[in-house]
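Structural features, examined
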Amino acid sequence: MLTRKGFTLPQIIISVFIAMMFIAAFYLHIPINIILNDVMVRLVMNGVLVLSLVPIMNAGIGINFGLPVAVMAGLLGMCVAVNFRFNGLAGFFIALGFSIPFSVLFGTVYSYGLNRVKGREEIASAFIGFSVVSAMNIFWATAPFSNPVMLWPIGGKGMRPTITLEPFFAKTLNRIFAIHIGECIIPAGMILLFVVLCLLLSIFFKTKIGKAITALGENEIYAVINGISVGKTRACAIILSTILGGFGIIVYAQSYGFIELYDAPLLVAFPAAASILIGGAIIKSNRILQAIVGTLLFQTIYILSSPIANELLLPESAEILRMFIANAVILYALTTQRPMTR
Amino acid sequence: MKRITVPFVFVVLAIVGWHYSQLSLSFITNEVLIRFIRDGILVLALIIPIKAGMGLNFAITIGAIAAQIGWLFVLDIQMKGFAGIISAAAFGCGLSIILGWLIGKVLNRVKGKEMVTTMIMGFIGTSVYQFIFLVGYGTFIPSHNKEIILSRGAGVRSMVDLHEYRNIIDKYWMLQIGSLEIPLFMILVVISFSILIYYILNTRIGCHIKAVGQNSGKAELLGINIDPVRIKAVIISTVTACLGQIVYLQNIGMMNVYTGHLNSDIFSIAALLAGGATVKNASVYNALIGIILFHFLFIVSPQAGQNLFRNAALGEYFRTFIAYGTIVFALMANIRTIKS
């Protein structure tokens, strides 16, 4: 990496890019308070999903492109909660609770898979994710749920592709403790939940098992000499990631207001991976901080790109630009990563 | 023993699916033959990077993109008939050589992680291509054909008609035997491409590729310069993929400009693996057998899903699952053989 006066090349590129977008937004008269608002909501909305990549990265397994596995567990938990018509903030937390057993189950199976492909986890995890999405498609089409809100109106069999959460727990977390300052709304409840999750995760990495995960990620041979069981420690990191990923999609769905099933979560891992990698290009030390800063930057780009593209009368280009940025960041990270020491 | 596991599973699934689909053998044979000539060359494009030790080349999507750019170029200047196909192929191949060289350059920086890098590069290629033709065509690329441009004056329509070129080369030497239609010329084209790949692997460059793939350390000791050999392998693969997509689109007769190339990598790779190839080794036979097995299953599964569960969508989900699942299986099975 180029180092000039303490700044690295990616840091310069990212700051210049975001500065340019803010200048463009200013000239196009896009209201700044709405943008700030959206950034805070979207930080938490996507932040938990990004946070879920941290344990797997710390364990030295690399980028978890298999995030759909965790998302499926979260969706299952959420669908069970909706099926029993739990609503309000309690419904949201019940959904989180229901997702945990699914996450542990999925995470255990997933960790068996990833432990068999040591050294090539990234490509394997991507395709495990894709195949789980398509396998779950079969499940969604035949799922034994009974709440008619979730099923096709005609025939009454098979889940709808989008289920509204409006009668259940849509935006309950967004509304709770929301602080109104002028036109700006600070979703304090969401931010509180996010901060609590970040703190819990950082406390986890101070415990014995958490330290074992970090040690494994830093130097596998050294960790083995110190009596750390590689397979079990990796499994722990993967299961923890899966639980967090399940929470992530539930937070996302309650904020978005809809559960999206079938192929919608297919590419969920790529923007999340890009977020943590942008963070990694800015900060070197703490992975949790990387996740927060990276999500903040990526979501700022996300929010600013849509109105700018609309003003330039090319609305489709925003989505293409985002995908390009996400994948370019991942490619950059892949080409500059130090070779794996195995 | 391990080499025939995947083909065996596919044979069993295909027979079970065929039984429940109740489709006639002549219908399936026709469909399989069409897909054989449609997808054959794309599948063959995967063999050389595997032999070079780079694993599955998901970046054949970029070759497919080059082919689509070739078609758009021909449509833009409105060149008709056989000359149009040849120009599209020539334009696409020229582009593929440049793009393949670029992919090779990047892949030489990520040794050991080629597969995930090719996948990400495929996505980036898609974004750049979509951006150029959605925003650039008609603005900074001058447009000569009002038929394919959007009414707002910038961007290509999402679906363009290749009716002019449809089945031009497929119709040569079409044999009719009862209800069977055998496009003999195109089958010969696919088979001659197979022979070409087989031949390339036995020439000087092919031997270098195989040596690099088997043991790059030893190959270096033998005085082979590894990086250029790998770049050549990727260029050959990208150009073959481009020609494959040209044939694919002239067979289908219309082009989804922004999405037509998207699954070319997954389905080609799944077909190759269905024929018994692994991440480390693949041959022309794997490709030829794999296309037939994979597409046999592909054709019967929606109908089988309809007959078994009264839901054709289930069959489609199932075949997508089979495609992804085959790739996962290949990635896992191969690693275990390395360990032992």
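Residues numbered from 1 in each chain as written. Chains lettered and ligands numbered in written order. Predicted model: local features only at pLDDT ≥ 70, side-chain atom pairs only at ≥ 80, totals over all residues.

In terms of regular secondary structure, chain B is built from 13 helices and four strands. Against the compact-globule benchmark of 20 Å for 340 residues, chain B has a radius of gyration of 20 Å, which places it among compact chains. Projected onto its principal axes, the C-alpha coordinates of chain B cover approximately 60 × 50 × 35 Å. By sequence separation, contacts in chain B at least 24 residues apart represent 73% of the contacts at least 6 residues apart. (Helix = DSSP H or I, 4+ residues; strand = E, 2+ residues; numbered from the N terminus. Rg over C-alpha atoms; globule rule 2.2 N^0.38 Å. Contact = placed C-beta atoms within 7 Å.)

So, about the overall build of chain A. A count of helices and strands for chain A gives 14 helices and six strands. Taken against the 2.2 N^0.38 rule, which gives 20 Å for 342 residues, the C-alpha radius of gyration of chain A at 20 Å falls within 12% of a compact globule. Projected onto its principal axes, the C-alpha coordinates of chain A cover approximately 60 × 50 × 35 Å. Residues classed as buried in chain A amount to 48% of the 342 residues present. Sequence separation of 24 or more characterises 74% of the internal contacts of chain A that already satisfy a separation of 6 or more. (Buried ≥ 20, exposed ≤ 12 C-beta atoms within 10 Å, placed from the backbone.)

Okay, unusual backbone geometry next. Glycine aside, negative phi is the norm for most residues, and most peptide bonds take the trans geometry. For Arg85(A), which is not a glycine, the phi torsion comes out positive at approximately 60°. Arg85(A) sits in the exposed class, given 11 other C-beta atoms within 10 Å.

In this section: the nonpolar core. In this structure, Phe127(A), Ala273(A), Ala274(A), Ile330(A), Leu46(B), Ala270(B) and Leu297(B) are the most contacted members of the largest nonpolar core, which totals 227 residues. For this core, the two domains that each supply at least three residues are domain 1 (11–47 + 268–334) and domain 2 (52–267) of chain A. Excluding residues within four positions of it along the chain, Leu297(B) makes contact with Phe10(B), Leu13(B), Ala14(B), Gly17(B), Arg319(B) and Ile322(B). (Core = buried A, V, L, I, M, F, W, Y, C linked by C-beta atoms within 7 Å. Domains from an automatic or database assignment.)

Right, let's get into the interface of chain A and chain B. Chain A puts 30 residues into the contact, and the matching count from chain B is 34 residues. Sorting the residues of the side of chain A that touches chain B by element identifies α5 (88–116), α6 (121–142) and α14 (316–336) of chain A as the ones contributing at least two each. Counting residues per element, the side of chain A that touches chain B draws most heavily on α6(A), which supplies 13 residues. Residues of the side of chain A that touches chain B, tallied by class, amount to 19 nonpolar, seven polar and four charged. (Nonpolar A, V, L, I, M, F, W, Y, C, P; charged D, E, K, R; others polar.)

With that settled, the discussion passes to the domain arrangement of chain A. A common way to express how large an interface is: the accessible area buried when the components associate. Residue and element names in this part refer to chain A. Assigned domains within chain A: domain 1 (11–47 + 268–334) and domain 2 (52–267). Using only C-alpha atoms to locate each centre, domain 1 and domain 2 end up separated by 22 Å. Elements supplying a minimum of two residues to the side of domain 1 that touches domain 2: α2 (32–51), α12 (269–282) and α13 (287–311). Broken down by element, the residue count for the side of domain 1 that touches domain 2 peaks at nine residues, all from α2.

Residues and elements named next belong to chain A. Mapped onto the elements, His29 comes out in the loop between α1 (9–27) and α2. Under the C-beta neighbour-count criterion, His29 is labelled exposed, with 9 such atoms within 10 Å. In this structure the C-alpha to C-alpha distance between His29 and Leu193, which are 164 residues apart in sequence, comes to 33 Å.

Turning our eyes to something else, we now look at helix α8 (residues 188–204) of chain A. One turn of an α-helix holds 3.6 residues; hence residues three or four places apart share an orientation. Residue and element names in this part refer to chain A. Over its 17 residues, α8 extends 24 Å from the first C-alpha to the last, a length consistent with the 24 Å expected when each residue adds 1.5 Å. Buried residues of α8: Met190, Leu193, Phe194, Leu197 and Leu201, and no others. The arc that holds the buried residues of α8, viewed along the axis, is 95°, so those residues lie on one side. In α8, the exposed positions angled more than 90 degrees off the buried face are occupied by Val195, Val196, Leu199 and Ile203. (Expected span 1.5 Å × (residues − 1). Arc of directions from axis to C-beta.)

Right, let's talk about helix α7 (residues 184–202) of chain B for a bit. All names here are of chain B. In this model α7 runs 27 Å from its N-terminal to its C-terminal C-alpha over 19 residues, within 8% of the 27 Å that 1.5 Å per residue would give. Residues of α7 that are buried: Met186, Val190, Phe193, Ser194 and Ile197. Buried residues of α7 fall within an arc of 95° about the axis and therefore sit on the same side. For α7, exposure combined with an orientation more than 90 degrees from the buried face picks out Leu184, Ser192, Ile195, Tyr199 and Asn202. Looking at the buried side of α7, the elements it contacts are α2 (25–44), α3 (47–51), β3 (180–183) and α12 (284–309).

Okay, the pairing of strand β4 (residues 178–181) of chain A next. Residue and element names in this part refer to chain A. Note that β4 and strand β5 (residues 184–187) share four bridges and pair antiparallel. Considered in β5, the bridge of Ile181 is made with Cys184. Hairpin remark: β4 followed by β5, antiparallel, with two residues in the connecting loop; positive phi at Gly182, about 60°. (Pairing = 2+ DSSP bridges.)

Residue and element names in this part refer to chain B. It is at 10 Å that the axes of helix α8 (residues 204–214) and helix α10 (residues 226–252) come closest, and there the two elements cross at 110°. With respect to α10, the axis of α8 lies roughly perpendicular. Read as a crossing pair, α8 and α10 show a hand that is left-handed. Judged by residue contacts, Ile205, His208, Ile209 and Val212 of α8 engage Ile226, Val229, Arg230, Lys232 and Ala233 from α10. Across the contact of α8 with α10, the residue classes break down as six nonpolar, one polar and two charged. (Axes fitted to C-alpha atoms, helices over the stretch in contact; angles between N-to-C directions. Parallel < 35°, antiparallel > 145°, perpendicular 65-115°, else oblique. Left-handed = near helix turned anticlockwise from the far one by under 90°.)

This brings us to the packing of helix α4 (residues 60–77) of chain B against helix α11 (residues 264–274) of chain B. Residue and element names in this part refer to chain B. Two numbers describe how α4 lies on α11: the axes approach to 8 Å, and their chain directions differ by 125°. The angle between the axes of α4 and α11 places the two elements in the oblique class. The handedness of the crossing between α4 and α11 comes out as right-handed. For the pair α4 and α11, the contacting residues are Ile60, Thr61 and Ala64 in the first and Ser264, Asp265 and Ser268 in the second. Looking at the contact of α4 with α11 residue by residue, the class counts come to two nonpolar, three polar and one charged.

With that settled, the discussion passes to the confidence of the model for chain B. Residues and elements named next belong to chain B. A residue-level look at chain B finds 97% of positions with pLDDT of 70 or above and a mean pLDDT of 87. For chain B, per-element mean pLDDT is lowest for strand β2 (residues 174–177), which scores 76, and highest for α3, which scores 93. For this predicted complex, the interface score ipTM comes out at 0.88, alongside a pTM of 0.90. (pLDDT = per-residue confidence, 0-100.)

Moving on, we come to the environment of Ala81(A). Residue and element names in this part refer to chain A. Mapped onto the fold, Ala81 is located in helix α4 (residues 67–83). Residue classification places Ala81 among the buried residues on the basis of 25 C-beta atoms within 10 Å. It is 10.0 Å that separates the C-alpha atoms of Ala81 and Phe169, two residues lying 88 residues apart in sequence. Residue contacts for Ala81: discarding those within four places in its chain leaves Phe86, Gly91, Ile94, Ala95 and Phe98.

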